[in-house]
Amino acid sequence: YPIGIVLISIAIANLHCAVWPFFFVIFLPYIAEYLIFTIIDAEPIYKIKQKIYDIRIKIYNKLLKKKKEKYTDKINKTITKKEEAIEDHKKFVENQKNRRENPYRIKYEKNKATKWLILVMVICAFTGLLTPLGDTPYTYLYKTMQGNTTENISEHLPLTLINAKEILVTLVAVLAILLFTDTKIRLKDLFMLAGLALLMLMTRRQVSMFVLFGSAIIAKLIADLFRKYDNRGLVELEKIMVSTLGTIAVISIIALLAILEIRPKVDDKFVRESSYPVNAATYITENLDLKSIRLFNEYNYGSYLIFRGIPVFIDSRADLYAPEFNKIENSEDAELAKGRDIFSDYIGTSTISRYYEKVFEKYDITHIILSKKSKLNMLIEKDDRYNQIYSDDYFVIYERNKGE
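This report concerns the structure included in the present document. Everything numeric in this text was worked out from a predicted model, so none of it was measured. (Residues numbered from 1 in each chain as written. Predicted model: local features only at pLDDT ≥ 70, side-chain atom pairs only at ≥ 80, totals over all residues. Heavy atoms only, no water.)

### A few points about the pairing of strand β5 (residues 386-391)
Across a regular strand the side chains alternate sides, sitting on one face of the sheet and then on the other. The pairing of β5 with strand β6 (residues 395-400) spans 5 bridges and is antiparallel. Bridge assignment links Gln388 to a residue of β6, and that residue is Tyr398. Connecting the antiparallel pair β5 and β6 is a turn made up of 3 residues. (Pairing = 2+ DSSP bridges. Helix = DSSP H or I, 4+ residues; strand = E, 2+ residues; numbered from the N terminus.)

### Quick look at the environment of Leu157
Mapped onto the elements, Leu157 comes out in the loop between α7 (136-146) and α8 (165-180). The class for Leu157 is partly exposed, based on a relative accessible area of 27%. Placed 47 residues apart in sequence, Leu157 and Arg204 show a C-alpha to C-alpha distance of 6.1 Å. Excluding anything up to four places from it in sequence, Leu157 contacts Thr150, Glu151, Met202, Thr203 and Arg204. (Buried < 20%, exposed > 50% of the residue type's maximum accessible area, 1.4 Å probe, protein only. Contact = heavy atoms within 4.5 Å.)

### What to know about a nonpolar patch on the surface
A cluster of nonpolar side chains, contributed by Leu237, Met241, Val242, Val250 and Ile254, occupies part of the molecular surface with about 460 Å² of accessible area. In terms of residue count, the dominant contributor to the nonpolar patch is helix α11 (residues 231-242) (3 residues). Tracing the backbone through its elements, the reader meets Val250 in helix α12 (residues 244-262). (Patch = residues over 30% accessible without salt bridge, like charges linked within 9 Å, V, L, I, M, F, W, Y side chains within 5 Å. Areas by Shrake-Rupley, 256 points an atom, 1.4 Å probe, with all protein chains shown as cover. Salt bridge = Lys/Arg side-chain N within 4 Å of Asp/Glu carboxyl O.)

### Side note on the nonpolar core
Judged by nonpolar contacts, the single largest core of 22 residues is most densely connected at Phe296, Phe313, Phe360, Ile368, Leu370 and Ile380. Mapped by element, the contributors of at least two residues to this core are α16 (342-350), α17 (356-362), β4 (367-371), α18 (375-380) and β6. Not counting residues within four places of it along the chain, the set of residues in contact with Ile368 comprises Leu295, Phe296, Phe360, Ile380, Tyr386, Val396, Ile397, Tyr398 and Arg400. Counting 19 residues, the second largest nonpolar core, distinct from the first, contains Phe22, Val25, Met200 and Leu221. (Core = buried A, V, L, I, M, F, W, Y, C linked by side-chain atoms within 4.5 Å.)

### Some points on the sheet that holds β4
Spatial strand order, β3-β4-β6-β5: 4 strands in an open sheet with mixed pairing. Looking at which strands have only one partner, the edges of the open sheet turn out to be β3 (295-296) and β5. Of the pairings in the sheet, the one linking β4 to β6 comprises 5 bridges and is antiparallel in character. If you follow Leu370 over to β6, its bridge partner there is Val396.

### Re α8
For α8, built from 16 residues, the straight-helix expectation of 22 Å at 1.5 Å per residue is met to within 8% by its first-to-last C-alpha distance of 22 Å. Among all positions of α8, only Ile167, Val174, Ile177 and Leu178 are buried. Take α8 and look down its axis: the buried residues cluster within an arc of 95°, on one side only. In α8, the exposed positions that point more than 90 degrees away from the buried face belong to Lys165, Val169, Leu179 and Phe180. (Expected span 1.5 Å × (residues − 1). Arc of directions from axis to C-beta.)

See the structure below:
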């Protein structure tokens, strides 16, 4: 199991460094629970009090020779307080044991095996070095959060519950189960669910993490709910589900849902020509020198152009076009040393809030590919400095005359 986790961590670090830091989110609830109860079981406050009482008694014994009556009384009072503290502690330990065995809402326990999980997490933390990207797995998240792409990219924006009704219903259902039923939840599961929900509300790209890991916890809560109030019905349902008839029914339902989902898309093309420049990309690869052109393209289909082997101005990996990822250390050019803000240049140009010619000159753009319905195309098609060399129903390509 630990070796498997390390191997998964290595794979994630090499395949997608943006996901790698979130891999450790899986560890945190278990480690948090372990640390909390390690501190509780260590009883630091009780031990400190006992130590203070012992120190007082030693001091009073030394002073006893000078003022016997005064310090004899203080020693007796201190010993009495110490004994009372011991008795209170025994009651506390007994009550704590009862609470753990019969919790009100939250089940908690100290899993001793978690210390090995901490060791595995430390080992996994070093797997980020097993990549040709250098320290990128460690710095990618920080640089992304520092960049300006989070304010413009949909998946980076906070989740609005009113626009995600299925998530809203799920969260309300979980709260209802925990508040209005006698169903109990493990502390580590509560940490995990709360943490994933917080990440999801902060940035909608984490909805997938909530669904992936949170669904197992929610399923367990629902099972515990039925087990608590209708255990006989749950047992009968389990017997039906594992029977031959139940297996056939489940397979049939899955097949039916798959057909309903896939059938409307059977006649769809793999790539929609209205959304992606399929024919325009073919024209570029067949008629232009890919090694020398400097192409300006739009954000949504930059990834498709890369797929076709065409160098792009920008693609959907918006983070990589922020200044944090485009610095040239020790450059004499102040802008390059600070980092070019390619993403902002694209946003300004595509929304025509910035004069496109200045941006094209800055990046020495030779060709432009645009959607015919784009704002920028409405300006460039009337500009004599740009020659239209390709056009179809959806996209157009211009060649920029830099000499004019």
